[in-house]
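# Descriptive analysis of the structure
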Amino acid sequence: MGAGREVAISLDGVRDKNVMQLKKLNTALFPVRYNDKYYSDAIAAAEFTKLAYFSDICVGAIACRLEKAENGAIRVYIMTLGVLAPYRGLGIGTKLLNHVLDLCPKRNILDIYLHVQTNNEDGINFYKKFGFEITDTIENYYANISPPDCYVLTKVIAQPQQKK
Amino acid sequence: MNGFSGAKAVDILEAYEGTLEDDYPPDNERCEHGEMLLYKISLLEECELFDKALEELQKKEAKIVDRLAFKEQQVSLLVKLGRLEEGERIYKALLAMNPDNYRYYEGLQKCLGLYSDNGQYSDDEIGRLHALYRSLQKQYSWSSAVKRIPLDFLKDEKFREAAENYVRPLLTKGVPSLFSDLSPLYDQLGKAEIIEQLILELENSIRTTGGYPGMAEKEPPSTLMWVLFLLAQHYDRRGQYDLSLAKIDEAIEHTPTVIDLYLVKGRILKHAGDLPAAAALADEARSMDLADRYLNSECVKRMLQADQVALAEKTAVLFTKDGDQHNNLHDMQCMWYELASGESYFRQGDLGRALKKFLAVEKHYADMTEDQFDFHSYCLRKMTLRAYVEMLKFQDRLHSYPYFHKAAAGAIRCYLRLYDSPSPSVTEEDEEMSKLLPSQKKKMRQKQRKAEARAKKEAEEKNEDESSASGVSKSGKRQHAKPVDPDPYGVKLLQVEDPLLEATKYLKLLQKNSSESLETHLLSFEVNMRKQKFYLPSSQLRSLAVKQLLRLDAESPDSHRCLIRFFHKVGTMSAPVSDSDKLIWNVLDLERSSLSQLHGKSLIEANSSFLEKHKESLMHRAAAAEMLDVLEPERRLEAIKLIEDSVNNVVPRNGALGPVGEWSLKDCVAVHQLLKTAFFDSDAASSLTMFLFAWKLFADIRNATKLLFFTPSGWKERCAGYFPFSIYFEGTRSSVTSISADGNICNAPENGGNHQEPVRSLGSHSPNGKLESFKELTI
């Protein structure tokens with residue numbers, strides 16, 4: 001933990017009035033510039049897209065897209081999850097991911113998945129802690145970065161009725 | 001109010017009290033009765049019957065419902081009666097109710113004999129004040145006032161310690177207004193340096209250990225960003241824009257989501273002289289929270305300062321009611337907006353629309369005067385007599401408020417310019433036209449006529465749209481349609497017969513209500529010089545603009561200019577003919593000899609002694625040079641040399657970082673304007689004459705060339721060196737120099753170093769707050 005004292009971390013939704021905060025984060029965090037569809041998907045995912053605030057400063061975000069599976073069920077795709085460098089190690093990423101994972105069983109979500117660059121060990125280990133597993137490898141997924149391959153990490157959501 | 005009418009008013013109120021049964025008001029009127037009693041006591045206080053007022057107050061204590069007002073009135077009377085010990089007790093009771101009220105602390109200090117108006121205290125007094133506030137801090141640990149006030153009177157090491165204790169928790173918490181809280185301290189000698197050192201130490205400590213000096217506990221990651229934010233504002237205040245921008249850029253890189261960082265970066269660029277970049281930054285800040293009206297207003301203001309009026313209008317309208325759009329800003333009496341757009345139109349030479357905006361503000365003040373009639377009967381019926389009297393007093397000084405002053409001064413300037421160059425658009429057009437062949441002229445006229453007709457039609461259609469939109473409200477009820485503005489461009493306002501007469505109307509209001517402002521009398525001077533009205537009736541001599549200016553600030557360069565110009569003009573006029581003119585002539589002569597600046601001196605001598613006295617100051621040198629040129633045009637080269645030889649001294653700084661020149665951007669711009677207009681008009685013929693003249697004088701072509709080429713452009717180049725961010729001087733780091741051939745701004749001020757980034761194509765990934773490209777705004 002970087003800070004010696006408790007600072008409240010709170011989550012807030014993304015709307016068209018504050019979507020610029022998400023854009024600012026992405027500009028700082030990722031080498032990719034996301035298109036308008038990314039942002040409209042993120043807003044459409046409602047509760048599944050969240051900004052994290054560290055004492056009133058927006059420092060991280062999780063952005064998801066809701067996808068329809070063949071059998072009418074809904075899948076969640078995590079488009080981005082990131083926290084500004086100075087604010088890492090404070091449990092903010094965990095809080096964001098847990099928020100989405102907790103939400104899934106309540107909304108009848110089938111599974112939740114994402115793409116990770118094959119050399120991103122920290123990322124892969126982070127998701128494995130939450131029960132994600134490598135289910136596929138896609139070659140030449142990325143156009144401009146090396147290595148160009150990615151893994152697909154997936155976590156099947158246990159449905160509430162199946163519990164216990 | 002005189003004592004007699006005050007006493008009379010008290011009599012009437014007491015007669016009214018006598019009508020009450022058992023000297024007690026009905027239960028449902030207790031508040032009103034208490035108000036009446038407090039009003040009566042304030043009347044007694046105004047008549048300076050403090051004993052009687054206090055006695056009455058104590059006697060009626062049970063009947064006064066407003067306990068706070070009772071205590072405040074009581075303490076005010078006790079202090080006036082010199083009963084300071086009792087006063088001290090009540091101030092402490094008031095502080096227990098509200099420990100953040102600065103007036104209570106001031107009152108307490110007065111009761112203890114520890115108050116000075118100019119904030120200067122002896123060492124002994126400082127010691128006692130320090131002890132007082134330390135004990136108060138223990139009592140009111142949650143008050144911020146009690147922690148902040150000691151920073152005003154403490155000095156040196158004690159100040160440093162208190163400032164550090166004050167700043168640390170606020171940086172940890174993240175208080176964006178911290179700098180504006182500290183900024184009054186910068187006016188006190190030496191405190192800025194102490195603040196700089198202490199913030200730099202905090203910065204260094206957090207970077208190396210993660211915590212404040214001497215603390216084991218780590219700071220949250222945001223503290224470093226707030227420290228950088230504070231440092232950036234500090235360097236901005238000190239005029240070190242390089243350092244300031246480096247710090248703010250680092251803060252933005254650390255946490256790019258904090259909106260205040262972008263606002264402050266915009267402000268820094270504004271101070272450094274890059275107004276379009278400042279507007280772009282404010283717009284970036286606005287885009288980060290579209291629901292924030294303050295951000296919207298700040299952005300509109302910056303856009304107007306950068307003369308982007310159309311864009312500013314579009315942005316401002318985002319926060320007005322639907323369908324009513326632009327009128328709404330007027331109906332809401334949004335005066336900062338009207339003033340800022342008036343100023344912008346004025347800068348752009350659109351006098352019609354400038355006047356329209358300035359006069360709109362003037363109209364608001366007329367409305368406020370009218371609106372007071374609503375209160376007369378209401379206040380009497382509700383018995384809110386103290387508030388009523390306050391309202392009346394407010395109305396008495398209504399026209400002395402800064403917004404009115406700005407509007408009136410703006411309108412007067414418009415009329416002056418209108419008088420100097422009547423309808424500039426017509427003459428300019430004529431010049432253009434005269435260069436064309438007759439057939440071309442005809443074509444051009446036709447084109448113009450068509451364009452005008454189109455514009456008119458569009459305006460009408462737009463108005464129709466708007467009125468139909470606002471005509472049908474949500475409930476479907478037809479509302480009274482807003483009257484269409486018949487003169488949206490202020491063309492009719494420009495068609496006044498006598499601009500000076502119009503100017504005089506507003507000038508009179510300024511003279512009556514802002515007689516202590518230098519600007520009022522400068523404007524009065526300009527108006528009267530154009531009227532050629534020297535033969536004032538002797539009763540008006542007292543209000544002679546020159547005399548007023550000298551009274552307010554005899555050492556101001558502007559006062560000096562007016563003094564010399566006035567008596568120079570008087571001196572060049574033909575001798576008076578009529579008896580009354582002769583009389584005034586004599587009076588003026590007498591006036592002249594009574595002025596110490598001119599006593600026993602010629603104007604030329606007065607000018608050189610003014611120069612001698614202020615030879616270190618750029619603006620004074622410029623004024624003396626301009627007057628030298630007025631008095632002795634043949635010494636023009638000498639006058640120019642006076643300006644050329646001015647030295648931008650480095651401000652002495654106690655151990656603080658980096659050199660800073662004394663000259664301000666504003667002054668350097670003013671000098672450039674002076675060089676351009678007074679000494680070198682753009683006319684090539686006069687340049688040639690000057691050159692030949694200089695050649696003859698120096699008998700040396702190199703010197704002559706050097707002097708000649710110390711023309712406005714020489715000055716501009718020199719200032720571009722002092723102010724690299726300035727758009728006006730086209731400094732190397734301003735956004736104007738980075739406009740590429742296709743008009744896109746690519747290379748924006750880079751953080752720190754001189755490296756040039758490769759030009760990126762527009763629309764690519766742009767870093768936060770870097771102004772890589774000015775966004776195409778779509779609203």
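Residues numbered from 1 in each chain as written. Chains lettered and ligands numbered in written order. Predicted model: local features only at pLDDT ≥ 70, side-chain atom pairs only at ≥ 80, totals over all residues.

For chain A, the count of helices and strands is 4 helices and 7 strands. Order of helices (α) and strands (β) in chain A, N terminus to C terminus: β-α-α-β-β-β-α-β-α-β-β. For the C-alpha atoms alone, the extent of chain A along its principal axes is close to 45 × 40 × 35 Å. Every one of the 164 residues in chain A was classed for burial, and the buried ones make up 29%. Considering only intrachain contacts with a sequence separation of at least 6, the fraction spanning at least 24 residues in chain A is 64%. (Helix = DSSP H or I, 4+ residues; strand = E, 2+ residues; numbered from the N terminus. Buried ≥ 20, exposed ≤ 12 C-beta atoms within 10 Å, placed from the backbone. Contact = placed C-beta atoms within 7 Å.)

Bringing the sheet that holds strand 2 (residues 50–54) of chain A into the picture now. Residues and elements named next belong to chain A. Across the sheet, which stays open at both edges, the 7 strands sit in the order 1-2-3-4-5-7-6 with mixed pairing between neighbours. Bordering the open sheet on either side are strand 1 (9–13) and strand 6 (133–138), each of which pairs with just one other strand. Taking each pair of neighbouring strands and ignoring which way they run, the sheet shows an average axis angle of 25°. Sheet topology note: the strand 6/strand 7 (residues 150–156) ladder contains 5 bridges and is antiparallel. Paired with Ile134 across the bridge in strand 7 is Leu153. (Pairing = 2+ DSSP bridges. Axes fitted to C-alpha atoms, helices over the stretch in contact; angles between N-to-C directions.)

Another point: the nonpolar core. All names here are of chain B. If you look at the biggest cluster of nonpolar residues, it comprises 192 residues, and the most contacted ones within it are Val227, Ala411 and Ile412. Among the elements that make up this core, the one with the highest residue count is helix 13 (residues 222–237) (10 residues). With near-sequence residues (within four places) excluded, Ile412 lies in contact with Ala503, Tyr506, Leu507, Leu523 and Val527. (Core = buried A, V, L, I, M, F, W, Y, C linked by C-beta atoms within 7 Å.)

The description of two packed helices rests on the angle between their axes and on the distance between the axes. Residues and elements named next belong to chain B. With their axes 9 Å apart at the nearest point, helix 33 (residues 603–613) and helix 34 (residues 618–631) run at an angle of 165° to one another. Taken together, helix 33 and helix 34 sit at an angle that is classed as roughly antiparallel. As for the relative orientation of helix 33 and helix 34, their crossing is left-handed in sense. Within the contact between the two elements, helix 33 uses Leu603, Ile604, Asn607, Phe610 and Leu611 and helix 34 uses Arg621, Ala624, Met627, Leu628 and Leu631. Residue composition of the contact of helix 33 with helix 34, grouped by class: 8 nonpolar, 1 polar and 1 charged. (Parallel < 35°, antiparallel > 145°, perpendicular 65-115°, else oblique. Left-handed = near helix turned anticlockwise from the far one by under 90°. Nonpolar A, V, L, I, M, F, W, Y, C, P; charged D, E, K, R; others polar.)

Attention now moves to the UniProt feature "coiled-coil region" (unreviewed entry) in chain B. Mapped onto the present numbering, the UniProt feature "coiled-coil region" (unreviewed entry) falls on residues 40–74 of chain B. Secondary structure across residues 40–74 of chain B comprises 71% helix and 0% strand; the distance between its end C-alpha atoms is 13 Å. (UniProt positions renumbered as here; feature names shortened; annotations may be inferred.)

Per the UniProt annotation, the sites labelled "domain: N-acetyltransferase" (unreviewed entry) are residues 9–158 of chain A. In residues 9–158 of chain A, the share of helix is 29% and the share of strand is 36%. The end C-alpha atoms are 27 Å apart.

Each side of the interface is counted separately: chain A has 23 residues, and chain B has 19 residues. Those elements giving two or more residues to the side of chain A that touches chain B turn out to be helix 1 (19–29) and strand 3 (57–68) of chain A. Tallied by class, residues from the side of chain A that touches chain B come to 12 nonpolar, 6 polar and 5 charged.

Okay, the pairing of strand 5 (residues 109–117) of chain A next. All names here are of chain A. With 3 bridges connecting them, strand 4 (residues 74–83) and strand 5 associate as parallel partners. Residue pairing across strands places Tyr77 opposite Tyr113, the latter belonging to strand 5. For the handedness criterion, the β-α-β arrangement of strand 4, helix 3 (residues 92–106) and strand 5 is classed as right-handed. As paired strands, strand 5 and strand 7 are joined by 7 bridges and run antiparallel to one another. Looking across to strand 7, one finds that Tyr113 is bridged to Thr154. (Right-handed = clockwise from strand over helix to strand, strands pointing away.)

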